[in-house]
Amino acid sequence: MKDVFRFEIGIGVSSDPVGKLWVEIPMALHDRICAQIGTDKISRYEFGFHFQERVEHDFPELDRTIQLAIHDWGKTIDMKDIPKNLLKVYHLFSSWFEE
């Protein structure tokens, strides 16, 4: 599907994620976010480095999509050894921008 953008997130602390999953969003949403971030390399780097903070603050639709994906993922695994607070933390694990 070319109307969908897929990206991978890590769940939990970036140095030791408790899980990883692929999230799909409409390409139109991806393109709007890219337009808002711009083409400056530093801006793009900061977006990836501060992904969750930027998404929560500037792109609530994307944050809701990610939170739903994490919630659905949590239903498929044994959660007894995963602290619930780690399920609220995510980071970008794949590239967001075309290189």
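Here the residue numbers are simple positions, counted from 1 along each chain's written sequence. For this predicted model, a pLDDT threshold of at least 70 governs which residues receive local features, and a threshold of 80 or more governs which side-chain atom pairs are given and counted, while totals over whole chains, interfaces and linings are taken from all residues. Calculation of side-chain values draws on the structure's entire complement of heavy atoms; hydrogens and water are dropped beforehand.

Our next topic: the overall build of the chain. The number of helices and strands found in the chain is four helices and three strands. Secondary structure counts use DSSP, requiring at least four H or I residues in a row for a helix and at least two E residues in a row for a strand, with both numbered from the N terminus. Element order for the chain, N to C, with α for helix and β for strand: β-β-α-α-α-α-β. Two things to know: the radius of gyration comes from C-alpha atoms, and the globule rule equals 2.2 Å times the number of residues to the power 0.38. Relative to its length of 99 residues, the chain is compact, with a C-alpha radius of gyration of 14 Å against a globular reference of 13 Å. Principal axes of the C-alpha set define a box for the chain whose edges measure 40 × 30 × 25 Å. For every residue, the accessible area obtained with a 1.4 Å probe (protein chains only) is divided by the maximum for its type, and the residue is called buried under 20%, exposed over 50%, and partly exposed between those limits. Counting all 99 residues of the chain, 37% fall into the buried class. Across the chain, contacts joining residues at least 24 apart in sequence account for 60% of those joining residues at least 6 apart. Note on contacts: a residue pair is in contact if any heavy atoms of the two residues lie within 4.5 Å.

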